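Architecture and fold: a report
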Protein chains: 2
Amino acid sequence: MESFNELRERVARLSDVRAAAAVLSWDQETYMPSGAGEARAHQLATLQQLAHEMFTDDELAGLLDRAAAEVAGHDADSDEARIVKVLVRDRDKAVKLPSRLVADLARETALAQQAWAQARQANDFPAFLPHLETVMALTIEKAEALGYEDTPYDALLDEYEPDMRASEVRTVFAELRDELVPLVEAIADCPKPDDACLRAGFDENAQWRFGEAVIADFGFDFDRGRQDRSAHPFSTNFSTTDVRITTRVDHDFLPPALFGTLHEAGHAMYEQGVDPALDRTGLASGTSLGVHESQSRLWENMVGRSHAFWRHYYSKLQTDFSTQLAGVSLDDFHRAINRVEPSLIRVEADEVTYNLHVMIRFELELDLVEGRLAPADLPDAWNSKYEQALGLRPDSDANGVLQDIHWSFGLIGYFPTYSLGNLISAQLYDRADSDLGGIEAQVERGEFGPLRDWLREHVHRHGSKFSATELLQRITGGGLEAGPWLNYARTKFGQLYGL
Amino acid sequence: MESFNELRERVARLSDVRAAAAVLSWDQETYMPSGAGEARAHQLATLQQLAHEMFTDDELAGLLDRAAAEVAGHDADSDEARIVKVLVRDRDKAVKLPSRLVADLARETALAQQAWAQARQANDFPAFLPHLETVMALTIEKAEALGYEDTPYDALLDEYEPDMRASEVRTVFAELRDELVPLVEAIADCPKPDDACLRAGFDENAQWRFGEAVIADFGFDFDRGRQDRSAHPFSTNFSTTDVRITTRVDHDFLPPALFGTLHEAGHAMYEQGVDPALDRTGLASGTSLGVHESQSRLWENMVGRSHAFWRHYYSKLQTDFSTQLAGVSLDDFHRAINRVEPSLIRVEADEVTYNLHVMIRFELELDLVEGRLAPADLPDAWNSKYEQALGLRPDSDANGVLQDIHWSFGLIGYFPTYSLGNLISAQLYDRADSDLGGIEAQVERGEFGPLRDWLREHVHRHGSKFSATELLQRITGGGLEAGPWLNYARTKFGQLYGL
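Residues numbered from 1 in each chain as written. Chains lettered and ligands numbered in written order. Predicted model: local features only at pLDDT ≥ 70, side-chain atom pairs only at ≥ 80, totals over all residues.

**Focus: the overall build of chain A**
Here is the rule: Numbering goes from the N terminus for both helices and strands, where a helix is a DSSP run of H or I of at least four residues and a strand is a run of E of at least two. Between the two quantities, the radius of gyration covers C-alpha atoms and the globule rule is 2.2 Å times the number of residues to the power 0.38. We call a residue exposed when 12 or fewer other C-beta atoms sit within 10 Å of its C-beta, buried when the count reaches 20 or more, and partly exposed for counts in between; the C-beta positions come from the backbone. By the criterion used throughout, residues are in contact when their C-beta atoms, derived from the backbone, lie within 7 Å.
Of the regular secondary structure elements, chain A holds 21 helices and 3 strands. The globule rule puts the C-alpha radius of gyration for 499 residues at 23 Å, and the 22 Å found for chain A is close to it. Every one of the 499 residues in chain A was classed for burial, and the buried ones make up 48%. Long-range contacts, defined as pairs at least 24 residues apart, comprise 73% of the intrachain contacts of chain A with a sequence gap of at least 6.

**Description of the pairing of strand S2 (residues 235-239) of chain B**
The cut-off we apply is this: Strand pairing follows a simple DSSP-based rule, namely that at least 2 bridges must link the two strands.
Counted residue by residue, S2(B) has 5 buried out of 5 residues, so it is predominantly covered. Counting the residues in the hairpin turn of S2(B) and strand S3 (residues 242-247) of chain B gives 2 residues.

**Side note on the interface of chain B and chain A**
The following threshold applies: The classification used treats Ala, Val, Leu, Ile, Met, Phe, Trp, Tyr, Cys and Pro as nonpolar, Asp, Glu, Lys and Arg as charged, and all other residues, Gly among them, as polar.
The partner chain A presents 31 residues to the 31 residues of chain B that form the contact. Counting only elements with at least two residues in the side of chain B that touches chain A, the list comes to helix H1 (2-30), helix H2 (37-56), strand S1 (225-229) and S2 of chain B. By residue number, the principal contributor to the side of chain B that touches chain A is H1(B), which donates 8 residues. A class-by-class count of the residues in the side of chain B that touches chain A yields 14 nonpolar, 8 polar and 9 charged.

**Brief notes about the sheet that holds strand S1 (residues 225-229) of chain A**
Residues and elements named next belong to chain A. Put simply, the test is: Interaxial angle, 0 to 180 degrees, is taken between N-to-C directions of lines fitted to C-alpha atoms, where a helix line uses only the stretch in contact.
The mixed open sheet is built from 3 strands, whose spatial order is S1-S3-S2. Of all strands in the sheet, those with a lone pairing partner are S1 and strand S2 (235-239), marking the two edges. Strand after strand, the sheet turns through a mean of 20 degrees between neighbouring axes, direction not considered. One ladder, built from 4 bridges, connects S2 with strand S3 (residues 242-247); its direction is antiparallel.

**Examining the domain arrangement of chain A**
Residue and element names in this part refer to chain A. Under the convention used in this document: For the purposes of this description, domain bounds are those given by an automatic or database domain assignment.
Its domain assignment divides chain A into domain 1 (2-147) and domain 2 (166-497). A C-alpha centroid distance of 26 Å is found between domain 1 and domain 2. In this complex, domain 1 contributes 38 residues to the contact, which on the side of domain 2 involves 34 residues. Across the side of domain 1 that touches domain 2, the residue classes break down as 23 nonpolar, 8 polar and 7 charged.

**A short note on the relation of the copies chain B and chain A**
Put simply, the rule reads: The copies were overlaid by least squares, fitting only the C-alpha atoms of residues that reach a pLDDT of 70 or more in each copy.
Of the two same-sequence chains, chain B is brought onto chain A (RMSD 0.0 Å, axial shift 0.0 Å) by a rotation of 180 degrees. Here the transformation between the copies is reduced to the relation of a two-fold axis. Residues of chain B ranked by C-alpha distance from the rotation axis are headed by B:Ala20, positioned 3.4 Å from it. In this assembly, 100% of the residues forming the interface of chain B have copies in chain A that are likewise at the interface, indicating an isologous arrangement.

**Some words on the environment of A:Ser419**
Residues and elements named next belong to chain A. Tracing the backbone shows Ser419 in helix H17 (residues 416-436). The buried category is assigned to Ser419, around which 26 C-beta atoms lie within 10 Å. With 305 residues separating them along the chain, Ser419 and Gln114 place their C-alpha atoms 27 Å apart. Apart from residues lying up to four places away in sequence, Ser419 is in contact with Phe173, Leu176, Asn355 and Val358.

**What to know about the packing of helix H12 (residues 307-320) of chain B against helix H14 (residues 330-337) of chain B**
Residue and element names in this part refer to chain B. The criterion, for reference: In these notes the angle categories are as follows: under 35 degrees is roughly parallel, over 145 is roughly antiparallel, 65 to 115 is roughly perpendicular, and the rest is oblique. Two helices cross in a left-handed way if the nearer one is turned anticlockwise from the farther one by less than a right angle. They cross in a right-handed way if the turn is clockwise.
Relative orientation of the contacting elements H12 and H14 amounts to 125 degrees, with a least axis distance of 10 Å. Between H12 and H14, the interaxial angle falls into the category oblique. Read as a crossing pair, H12 and H14 show a hand that is right-handed. Residues His307, Trp310, Arg311 and Tyr314 of H12 touch H14, and the partners they reach there are Leu330, Phe333 and His334.

**Observations regarding the sheet that holds S3(B)**
Where strands meet in a sheet, backbone hydrogen bonds hold them as pairs that are either parallel or antiparallel. Residue and element names in this part refer to chain B. Strand order in this open sheet of 3 strands is S1-S3-S2, and the pairing throughout is mixed. The strands lining the two open edges of the sheet, one partner per strand, are S1 and S2. The average undirected angle you get between the axes of adjacent strands in this sheet is 20 degrees. On top of the sheet, helix H10 (residues 255-272) reaches S1, S2 and S3; it is set at about 165 degrees to S3, its chief contact.

**What to know about the nonpolar core**
We apply this condition: For our purposes the nonpolar core covers buried Ala, Val, Leu, Ile, Met, Phe, Trp, Tyr and Cys residues that link as a set through C-beta atoms within 7 Å.
By size, the foremost hydrophobic cluster in this structure holds 184 residues, and its most contacted members are A:Ala20, A:Val23, A:Leu47, A:Ala265, B:Ala20, B:Val23 and B:Leu47. Discounting chain neighbours no more than four positions away, the residues touching A:Ala20 are A:Leu47, B:Ala20, B:Leu24, B:Gln43 and B:Leu47.

**Description of helix H20 (residues 468-476) of chain B**
Residues and elements named next belong to chain B. Applied cut-off: Working definition: the arc comes from the directions between the helix axis and the C-beta atoms, pointing outward to the latter.
Listed as buried for H20 are Ala468, Leu471 and Leu472. Down the axis, H20 shows its buried residues gathered within 95 degrees of arc, on one side only. On its buried face, H20 sits against helix H11 (289-303) and helix H17 (416-436). Trailing H20 by a residue or two, Gly477 shows a phi angle of about 80 degrees, which is positive.

**Overview of the packing of H2(B) against helix H5 (residues 99-122) of chain B**
Residues and elements named next belong to chain B. It is the contact of H2 with H5, at a shortest axis distance of 8 Å, that shows an interaxial angle of 150 degrees. Relative to H5, the element H2 is oriented roughly antiparallel. The handedness of the crossing between H2 and H5 comes out as right-handed. Facing H2, whose interface residues are Gly37, Arg40, Ala41, His42, Leu44, Ala45, Gln48, Gln49, His52 and Glu53, H5 presents Ser99, Val102, Ala103, Ala106, Arg107, Ala110, Leu111 and Gln114.

**Regarding unusual backbone geometry**
Residues and elements named next belong to chain B. The phi dihedral of Asp163 is positive, around 75 degrees, even though this residue is not glycine. Locating Asp163 in the fold gives a position in the loop between helix H7 (152-160) and helix H8 (166-188). For Arg280, which is not a glycine, the phi torsion comes out positive at approximately 65 degrees. Inspection of the secondary structure assignment puts Arg280 in the loop between H10 and H11.

**What about the environment of B:Asp331?**
Inspection of the secondary structure puts B:Asp331 in helix H14. By the C-beta count within 10 Å, which is 13 here, B:Asp331 ends up partly exposed.

**Some points on the confidence of the model for chain A**
Let me state the cut-off plainly: Each residue carries a pLDDT score, the predictor's own confidence in it, on a scale running from 0 to 100.
Here chain A averages 96 in pLDDT, while 100% of its residues score no lower than 70. Confidence estimates for the predicted assembly give a pTM of 0.93 and an ipTM of 0.92.

**Quick notes on H5(B)**
The condition that has to hold: Helix span, as expected, comes to 1.5 Å for every residue beyond the first.
Between its first and last C-alpha atoms H5(B) spans 35 Å; for 24 residues at 1.5 Å apiece the expected length is 34 Å, and the two agree. Two residues or fewer past H5(B), B:Asn123 is found with a positive phi of approximately 50 degrees.

And the structure:
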């Protein structure tokens, strides 16, 4: 195993450089002073270029070949065999990208991210446009370099959801849309639940403490993680022993901090649950964004917005916010946090309309990448699609095309994984529910250990050893399906709205 | 200038990697979760090894030679000429260190730093001892690799105070001690000022705000810096646009946070004042620790503990802490913050006895490095020296040999620069006072701009272009002198104690 061990040592150093870049990105979003943007962009570009050079180094190719021969006799599912397999797959992609393009993308996206933050605050799309044009051009160049059969979008999607194709997303999104549109319409005909109780003014520190107490109950390990504030909530990891989440706190609206914290903790527990033996191998992280989002959505929505969950926690929440919630019944609170209503902001959307937000972005991205839409025309295209799909026209670009950070980071092909995550979350939940003999009763008792351990055993510990498809096959015996999530949505919202 | 420009590009990338390592170190001291220590040690070791490899790369030697030829016709004090000169000097040192030793030191000191923090908290020197032994052995190996004429200590001191020798430190420390010991004795015979007013219990957020308001007045730029909490206050910089300080806040004792903030801001304003043209050249940082400490001591002590300073700020402090300070006169407060009394903790020592703390560490370091003292025997040696020099024997190792973070970081040869900084601060202050026509009156009016701009013009903007000796020569026409600081101390404390 001489070559394999040398490979591991090299990949360990590569992982360290990638982790350092992740620390710098975390810092940029949380604590970095405003004037440091340009210097940070240089630093990130250099680290990402170095990591790229280390990964595409010619010597590594020979080492991978020799290591592959050494592990040929191992169980195909062993750590050793999978480490070599995944490294070969990822390196094959990486060598297609010129080092110059990697550095350009790193630097330009760091600058674009800062420009986006300012443009969003100032509702100034034109100020962001030149950055978006640069990032889009580099992203299309990246897609061309990576190669594809059908559409350049496939090359980009593959970065976040390996082996998924735009055509498959189109198919599954069509199936979703066919049920969602009538569901949204049926709900629109019902009386709207009153959610004034969520807008009563909530002490920010008390909100923070409540959220952290819940995720500690879930099993988020604060010795190996922490939570900070940022404009856009995210989760990141530098090792299995250092997994961080961020949230934002709105004094006048309870859901963003609370459900944001549960959501990000779902991501983070995935990373904290990876087998430490995979640390510094390149495989110690979630296998795809769809599977990642299945974890965040499962804890945020299927657990955190369930009636059983609030049967356990509502009295504590009432105690913490007695002036706001003393006169609000559990059922009314549960209806308020599950209120379905077309809205402008994706991250604040309910579970039902959320997927429509994602579909709009998917369609716009396809148009951008395939050249049918210029970045300059995005605000109009965005607003028209919102009007068509959700019956609402954004009152400003800040509440429209500027609301998401993703494109500034060059994350094109990322949005569909949010909806894929919804679908996978229901597939996993159904299987766990059957294995554990009823999750709902456990949640009502505040017992999250069985669900968390089931996820750790079947999903988390494997890191990137298995692809999303392989993981679903191992767990459910089948592939991606929309049925379980549609069934969940029909049941839950059918009951809530008496449909 | 083709080679020079290529050199700059390479050194810019090297600076980025060093900056990334500095961000990771900052994070380790401020926000990193407790369980992440080992992973962070790996990450830091990899970055430092990479930076070392980039700096000692053979191609860089040729490039430096060719760049030196290109700038041969430039003014010897031009940025271009100085960049090449300083890079040649530093690279000559770096190539003497094997890459393996650099990585070992980075990893072992990261681990030792965490072990130190725990050992200090638990008052458990034996738990720290194996780490200290490892770090000391590696440090001595480093000194041998760097080479020296007289003592291995010279090789270590040179890292922090280029061109300074242990023998020179010994000489100037002897001159200091000859005056300090009788001064401390004379003060000991006087009635002690009452400092109960500093121990009255102070809201931590109010302490924080007061300190930040003062350094904003000094000219610390919060758009290019920030302050956080850490166990041991420090200042660090990732670019001239990102300079960070930390402090600790003691609810029951006013001085640590207040004067710690002023001290670290002195360091930080040096870094913020470097000419941005030097960013990413390797020269965009203070030239030596002695000069750095001259800046922190000047703002903390010569400004921040002066009577004039408190004539400006005391009424504001009284307003912020009215219950504690309403009945305390300006003169009594000024006497309290300048109370001279032998004590156990260096960072809380008064200006007069402070240098005795430094001398003890210098003597112990010499004994350690020259092999006369084993790390295991440090607690006894430490305690004996404190008894001898200050008349106090530490009641615990936490208040004795474990109080400083430095040795855990492998920073041997660093302590003397604290006292050198005191001496330089007085030399600079005297010169600025003469150039500006009386700093005291400006300070009393809260006008810090003239002093800050004088320091920026004569010290800050040059970064590492000139050595400490060159800088002193340019400013004062002479070299390092103890006279100005002794004169300052005699005058100030003579008045305070009526000697």
